[in-house]
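Geometric and topological summary
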Amino acid sequence: MRLHFTKMEGLGNDYIYFDGINQKIPMDKEFITKISDRHFGIGSDGMIVILASDKYDFKMRMFNLDGSEAMMCGNGIRCFAKFIYDHKLSDKHVLKIETKSGLRIVELLFEDGRCIGAKVNMGKPILRCKEIPCIYDKEKMINEAMIVDDHEYHLTTISMGNPHTVIFVDDLEILDLAVLGPKFEHHELFPESVNTEFVQVVNEQYIKMRVWERGSGETMACGTGACASMYASYLNGYTKDKVIVQLLGGCLEIEYLDGIIMMSGPAVNVFEGIIEI
Ligand SMILES: N[C@H](CCC[C@H](N)C(=O)O)C(=O)O
């Protein structure tokens, strides 16, 4: 079977996109891990499939490179919407997308007639531990101390439809995420695992962030993680409610407005191709 795919990236957080409306796309672990492999496959942080929705315009399913399915993907949904427009699956400039964590509304952004990115209503940040989920003896986990490998970290845990725990540090450069990341990803506090963001506050409108993603490891960027990092910075009084988040792959503009989080950023086509399976 030959499958058409498009490789896209949002700030270097790259996924393989398939039109799952006009093609039958396997969604098993073996297929996803193979195509995501950067030596034996196409290479990516995972896979995203465009599907029909009986409730909204389209449905997004997103898988990490280890084959695990995630509830939501911020960088991915910007590219998802661009894919729909570029492949003429819809001519709408504002799309209602069904995700596993509910409805997300995406407004495409254009320059010289070309779609270059999107502004996304990322919904309400969730703080109640039970809803994240996070097994903690308080209702919320905001700037709570936790010892890992004899070192004290302060965690602010937030769901953006997928679980995140945000840790503020003085210097991002010195962190060895390959060692540190899995200690939080597999921590018993998080029964469904967690995406872990390490944040360095530069000033009240600018933060830097690195991320160890559940199921994908360190990625160049994480849209939902940037939203969680911004909100954690605002909650802890380190920033205002509109922040530029600097990730390894570039910057996102994140704003907390009337109880919801808005994210704006790029969406880029890398290449198209066909795989035989
Ligand atoms: N990179 C994605 C997040 C993936 C989250 C995934 N790692 C999980 O929740 O399992 C983003 O831009 O929001």
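Anything mentioned here points back to the structure above.
Residues numbered from 1 in each chain as written. Predicted model: local features only at pLDDT ≥ 70, side-chain atom pairs only at ≥ 80, totals over all residues. Heavy atoms only, no water.

1. Describing the pattern of salt bridges
As a reminder, the rule being used: Just to be clear on terms, a salt bridge is a Lys or Arg side-chain nitrogen sitting within 4 Å of an Asp or Glu carboxyl oxygen. Numbering goes from the N terminus for both helices and strands, where a helix is a DSSP run of H or I of at least four residues and a strand is a run of E of at least two. The rule is simple: take the accessible area with a 1.4 Å probe, protein chains only, and divide by the maximum for that residue type; under 20% is buried, over 50% is exposed, in between is partly exposed.
Enumeration over the complete set of coordinates arrives at 15 salt bridges. With its nearest N and O atoms 2.5 Å apart, the salt bridge here joins Asp 57 to Lys 92. Note that Asp 57 is positioned in the loop between β3 (46–51) and β4 (58–64) and Lys 92 in the loop between α2 (74–86) and β6 (94–99), a separation of 35 residues in sequence. Here Asp 57 falls in the partly exposed class, since its relative accessible area comes to 22%. Its salt-bridge partner being Arg 61, residue Glu 69 comes within 2.7 Å of it at the nearest N-O pair. Members of the salt-bridge network, linked through shared partners, are Lys 7, Asp 14, Arg 38 and Asp 45.

2. Some points on the pairing of strand β2 (residues 13–19)
Note the threshold: Should DSSP find at least two bridges between two strands, the strands are regarded as paired. Handedness is read with the strands pointing away from the viewer; a crossover is right-handed when the path from the first strand over the helix to the second is clockwise.
Among the seven residues that make up β2, seven are buried, leaving the element largely enclosed by the rest of the structure. Alternating residues of β2 divide into Asn 13, Tyr 15, Tyr 17 and Asp 19 and Asp 14, Ile 16 and Phe 18, and every residue in both groups is buried. When strand β1 (residues 2–10) meets β2, the two strands line up antiparallel, connected through five bridges. Directly across from Thr 6, in β2, lies its bridge partner Tyr 17. Between β1 and the antiparallel strand that follows it, β2, lie two residues; Leu 11 among them carries a positive phi value of about 55 degrees. For β2 and β3, the ladder comprises four bridges, and the chain directions are parallel. For Phe 18, the partnering residue across the bridge sits in β3 and is Val 49. Chirality of the crossover, the property in question, places the unit of β2, helix α1 (residues 29–36) and β3 among those that are right-handed.

3. Here's the deal with empty space enclosed by the protein
Short version of the rule: Both site types are read off a 1 Å grid over the protein atoms alone. A 1.4 Å probe that fits but cannot get out defines a cavity, while an open set with protein on both sides within 12 Å along at least five of seven lines defines a pocket; lining residues have an atom within 4 Å of a point. Grid points are joined across faces, edges and corners, and a volume is the space filled by probe spheres set on the points. Polarity classes work like this: nonpolar for Ala, Val, Leu, Ile, Met, Phe, Trp, Tyr, Cys and Pro, charged for Asp, Glu, Lys and Arg, and polar for all others, with Gly in that last group. Each domain's extent was defined by an automatic or database domain assignment.
Evaluation of the coordinates by the stated rule reveals one cavity of 30 Å³ or more. Computed from the structure, the largest cavity encloses a volume of approximately 100 Å³. Met 62, Met 72, Asn 162, Glu 213 and Thr 224 are the residues nearest the centre of the largest cavity, which is lined by 16 residues in total. When grouped by side-chain class, the residues that make up the lining of the largest cavity number six nonpolar, eight polar and two charged. When residues of the lining of the largest cavity are assigned to domains, at least three map to each of domain 1 (2–123 + 265–276) and domain 2 (129–258).

4. Focus: a nonpolar patch on the surface
Spelled out, the test is: Without a salt bridge and with relative accessible area above 30%, a residue can belong to a patch; like charges are then joined within 9 Å and nonpolar side chains (Val, Leu, Ile, Met, Phe, Trp, Tyr) within 5 Å. Method for areas: the Shrake-Rupley scheme with a 1.4 Å probe, in which residue coverage is limited to the protein chains shown.
Taken together, the side chains of Tyr 56, Val 94, Leu 103 and Ile 105 make up a nonpolar region of the molecular surface, amounting to roughly 290 Å² of accessible area. By the element assignment, Tyr 56 lies in the loop between β3 and β4. The class of Tyr 56 is partly exposed, set by a relative accessible area of 30%.

5. Side note on unusual backbone geometry
For residues besides glycine, phi is generally negative; the peptide bonds are generally trans as well. A cis amide bond links Ile 132 with the next residue in sequence, Pro 133, at an omega value of -5 degrees. Following the sequence through the fold, Pro 133 ends up in the loop between β8 (114–121) and β9 (144–148). Even without being a glycine, Asp 112 presents a positive backbone phi close to 50 degrees. With relative accessibility at 80%, the residue Asp 112 sits in the exposed group. Not every positive phi belongs to a glycine, and Asp 150 is a case in point at roughly 60 degrees. Within the secondary structure, Asp 150 sits in the loop between β9 and β10 (151–159). For Asp 150, a relative accessible area of 79% corresponds to the exposed category.

6. Topic: the environment of Ile 105
Let me state the cut-off plainly: Two residues qualify as a contact provided that any one of their heavy atoms is within 4.5 Å of a heavy atom in the partner residue.
Within the secondary structure layout, Ile 105 lies in strand β7 (residues 102–111). Expressed as a C-alpha distance, the spacing of Ile 105 and Asn 162, which sit 57 residues apart in the sequence, is 17 Å. When neighbours within four sequence positions are excluded, Ile 105 is seen to be in contact with Val 94, Leu 95, Lys 96, Lys 119, Val 120 and Asn 121.

7. Focus on the environment of Glu 188
Take Glu 188: it is sitting in the loop between α3 (177–185) and β12 (195–203). Residue classification places Glu 188 among the exposed residues on the basis of a relative accessible area of 70%. Between the C-alpha atoms of Glu 188 and Ile 135, which are 53 residues apart in sequence, the distance is 7.7 Å.

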